[in-house]
Amino acid sequence: MWAGTWRVGGVLAMSRAFGNRLLKQFVVAEPEIQEQEIDDELEFLILASDGLWDVVPNEDAVSLVKMVEDPEAAARKLTETAFGRGSGDNITCVVVKFQHSKTGGDTPPISPPGDQI
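No experiment lies behind these values; they were computed from the predicted model shown.

A. The arrangement of the side chain of Ser87 in detail. In this fold, Ser87 is placed in the loop between helix H4 (71-84) and strand E4 (93-97). Of the polar contacts made by the side chain of Ser87, one reaches the backbone oxygen of Gly51; its length is 2.6 Å.

Now the structure itself:
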């Protein structure tokens, strides 16, 4: 049922109901799996809980991430946006930005802090 977010039996959010023995008869814990080849077209990946997706549409999330260079700052901006829009659920977000070589050659390794090249 819908109660501000999808709930099983009006009690638990859908994602939390998967492991609940009493609600097992109402929930199929079959994951949705997608495979995506990581190529030059794929810029980033947003992994987030329903606390984000309940109030931030995909298009908004993509626009926000594109405006922020640092992936950690982008994840923080997404969680702040969800909180500001009144999300009533836990908000967890990770942004992974893929660094593709612009020249077609190998990307030089990143030195650890303190090392001089």
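B. Local environment of the nonpolar core. Counting residues in hydrophobic clusters, the biggest one holds 14 residues, and the most contacted among them are Ile46, Val65, Leu78, Cys93 and Val95. Of all elements in the fold, only strand E3 (44-48), helix H3 (58-67), H4 and E4 reach the threshold of two or more residues within this core. It is H4 that provides the largest number of residues to this core, a total of 4 residues.

C. Inspection of the pattern of salt bridges at higher detail. Following the criterion strictly, the structure yields 3 salt bridges and no others. Ionic pairing is found between Asp60 and Arg85, a salt bridge with its closest N-O pair at 3.0 Å. Taken together, the residues Asp60 in helix H3 and Arg85 in the loop between H4 and E4 connect sequence positions 25 residues apart. Take Asp60: its relative accessible area is 28%, and that puts it in the partly exposed class.

Criteria and thresholds
- Counting restarts for each chain, with residues numbered from 1 along the sequence as it is written.
- Only residues with pLDDT of at least 70 get local features here, since the model is predicted, and only at 80 or more are side-chain atom pairs given and counted; chain-wide, interface and lining totals rely on the full set of residues.
- As a rule here, side-chain values come from all non-hydrogen atoms in the structure, and water together with hydrogens is ignored.
- In this description a helix means any DSSP run of H or I spanning at least four residues, a strand means any run of E spanning at least two, and both kinds are numbered starting from the N terminus.
- By the criterion applied in these results, polar contacts are pairs of N or O atoms within 3.5 Å in which, for protein atoms, one can donate a hydrogen and the other can accept it, and in which residues neighboring in sequence qualify only through two side-chain atoms.
- By nonpolar core is meant a set of buried Ala, Val, Leu, Ile, Met, Phe, Trp, Tyr and Cys residues that side-chain atoms within 4.5 Å join together.
- Using a 1.4 Å probe on the protein chains alone, a residue whose accessible area is under 20% of its type maximum counts as buried, one over 50% counts as exposed, and one in between counts as partly exposed.
- Here, a salt bridge means any Lys or Arg side-chain nitrogen found within 4 Å of an Asp or Glu carboxyl oxygen.

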